[in-house]
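The residues making up each chain are set out below.
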Amino acid sequence: MRKSHPLRRVVLATAATVSGIVLLLSLKPSSDPGAAQAAGAGAAAQEAAQGGSGAVVSGTMTGDAAQTQYGAVQVRITVVNNKITKAEAVQAPKGGTSDQKTALAVPKLNADVVAKQSPDIDTVSGATYTSEGYKKSLQSAIDKANASAGSGASQGSGSAQASGTFTGDAAQTQYGAVQVRITVAGGKITKAEAVQAPKGGTSEQKTELAVPKLNAAAVAAGSADIDTVSSATYTSEGYKKSLQSALDKAKAKAGSSSGSGDAGASSGAAQAKTVTGSVAQTQYGAVQVRITVAGGKITKAEAVQAPKGGTSEQKTELAIPKLNAAAVAAGSADIDTVSSATFTSEGYKKSLQSALDQAGG
């Protein structure tokens, strides 16, 4: 009977183990979900959607409103541990056939974002303008997630919020716009107020009933997770959307200023940055303001959008230079209305305040 050699058994066992490892490694690319996802969405797009490399990001980010031929589109994403878990349109075209196209397109776009984890999503047939606006606003939300990742700040529910006053984007409702301003101190909401709310007819009564309750609820909850006021559903939903936008701005400011240290903070304060406010709709057209901030002061203000055509052209040429100069002089949105250009002035101040909120002014 042939004797078995122990050394030969060890060599054979080792060879079998190495062969098994090689086989496993050869199969890994087709079974690794991370690799499959990167192949589908592209490495760069995936990194953008997931807040960049290195930092872990969680929170809610609202993109800038994208204007389309049929109305504004604005997207909000929820990110958990660098993954988009939810996407929603907080603004979308309304009225006539736009209602049908929005109802068709938005759910598909929302689902596509979560599935692909990137802004590289398909345009919905029959809703091209809405789809393009959606993608622009989505990219803006992803940029904000990247910014928070770059600063090393996590935007979870327990994250810090910067102190100051922040005005949320106006939320359009069936009965009018709702816009919320909050004051934050020590990481808590100390005051909430509606700077816009539905007016006229029964809307006036519902606003008077609902807004004080919503203000109190926002301060008590410290978040946008508040109850809807009975009989004022549309106003309540608009309030919560704008409130969330204001909270996002507070978190973004906290993220940009955290972890920098004294030297970083001083150099960041001296460095100039340019911020564009949200579009403010007026009776005669849109107004949008861009400011340059350096050393904590407005060094330049300009209108990138303003009413055009007919007498609006003349009023714009008269009002905008005065408003720009007033913004720089005052360093705030508390500036005088230009006589004979009331609507343009009010729109200018709203967009200017939005820019200041983003800059942390």
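Look up: the structure comes first, before these words.
Residues numbered from 1 in each chain as written. Predicted model: local features only at pLDDT ≥ 70, side-chain atom pairs only at ≥ 80, totals over all residues. Heavy atoms only, no water.

**Section: the nonpolar core**
Part 1 of the reasoning: Among the nonpolar cores identified, the biggest contains 21 residues, and Ile291, Leu323, Tyr348, Leu352 and Leu356 are the most heavily contacted of them.
Part 2 of the reasoning: Among the secondary structure elements, those contributing two or more residues to this core are strand E11 (285–294), strand E12 (297–305), helix H9 (311–330) and helix H10 (342–359).
Part 3 of the reasoning: Sorting elements by how many residues they give to this core places H10 first, with five residues. (Core = buried A, V, L, I, M, F, W, Y, C linked by side-chain atoms within 4.5 Å. Buried < 20%, exposed > 50% of the residue type's maximum accessible area, 1.4 Å probe, protein only. Helix = DSSP H or I, 4+ residues; strand = E, 2+ residues; numbered from the N terminus.)

**What to know about the environment of Ile335**
Part 1 of the reasoning: Tracing the sequence through the fold places Ile335 in the loop between H9 and H10.
Part 2 of the reasoning: Along the chain, Ile335 and Ala325 lie 10 residues apart, while their C-alpha atoms are 9.8 Å from each other.
Part 3 of the reasoning: Not counting residues within four places of it along the chain, the set of residues in contact with Ile335 comprises Leu323, Ala326, Ala327, Ala330, Tyr348, Lys349 and Leu352. (Contact = heavy atoms within 4.5 Å.)

**With respect to the environment of Arg290**
Part 1 of the reasoning: On the secondary structure map, Arg290 appears in strand E11.
Part 2 of the reasoning: Through-space distance from the C-alpha of Arg290 to that of Ala355 is 6.8 Å; in sequence the pair is 65 residues apart.
Part 3 of the reasoning: Side-chain polar atoms of Arg290 contact the side chain of Thr276, separated by 3.0 Å. (Polar contact = N/O pair within 3.5 Å; in protein donor to acceptor, adjacent residues only side chain to side chain.)

**As for the packing of aromatic side chains**
Aromatic rings considered in pairs are described by the distance between their centres and by the relative angle of their planes.
Part 1 of the reasoning: What the rule picks out here adds up to three aromatic pairs.
Part 2 of the reasoning: Geometrically, the ring pair formed by Tyr70 and Tyr129 is edge-to-face, given 5.5 Å between the ring centres and 70° between the ring planes. Of the two residues, Tyr70 sits in the loop between strand E2 (66–68) and strand E3 (71–80) while Tyr129 sits in helix H5 (residues 128–150), which places them 59 residues apart along the sequence.
Part 3 of the reasoning: Looking at Tyr70, the relative accessible area reads 46%, which means it is partly exposed.
Part 4 of the reasoning: Classification of Tyr129 as partly exposed rests on a relative accessible area of 43%.
Part 5 of the reasoning: Ring centres of Tyr175 and Tyr234 lie 5.5 Å apart, and the angle between their planes is 75°; this geometry places the pair in the edge-to-face category. Of the two residues, Tyr175 sits in the loop between strand E6 (171–173) and strand E7 (176–185) while Tyr234 sits in helix H7 (residues 233–257), which places them 59 residues apart along the sequence. (Phe/Tyr/Trp six-rings, centres within 6.5 Å; stacked < 30°, edge-to-face > 60°.)

**A short note on the packing of H9 against H10**
Part 1 of the reasoning: Orientation of H9 relative to H10, taken along the N-to-C sense of each, is 35°, at an axis distance of 11 Å. Every pair of crossing elements has a handedness; the one defined by H9 and H10 is right-handed. Residues Ile320, Leu323, Asn324 and Ala327 of H9 form the contact with H10, whose participating residues are Thr344, Ser345, Tyr348 and Leu352.
Part 2 of the reasoning: Residue classes in the contact of H9 with H10 are distributed as five nonpolar, three polar and no charged. (Axes fitted to C-alpha atoms, helices over the stretch in contact; angles between N-to-C directions. Left-handed = near helix turned anticlockwise from the far one by under 90°. Nonpolar A, V, L, I, M, F, W, Y, C, P; charged D, E, K, R; others polar.)

**Some remarks on the side chain of Ser203**
Part 1 of the reasoning: By the element assignment, Ser203 lies in helix H6 (residues 202–221).
Part 2 of the reasoning: Relative accessible area serves as the criterion here: at 11%, Ser203 is assigned to the buried category.
Part 3 of the reasoning: Aside from chain neighbours lying at most four places away, what touches Ser203 is Tyr175 and Pro198.

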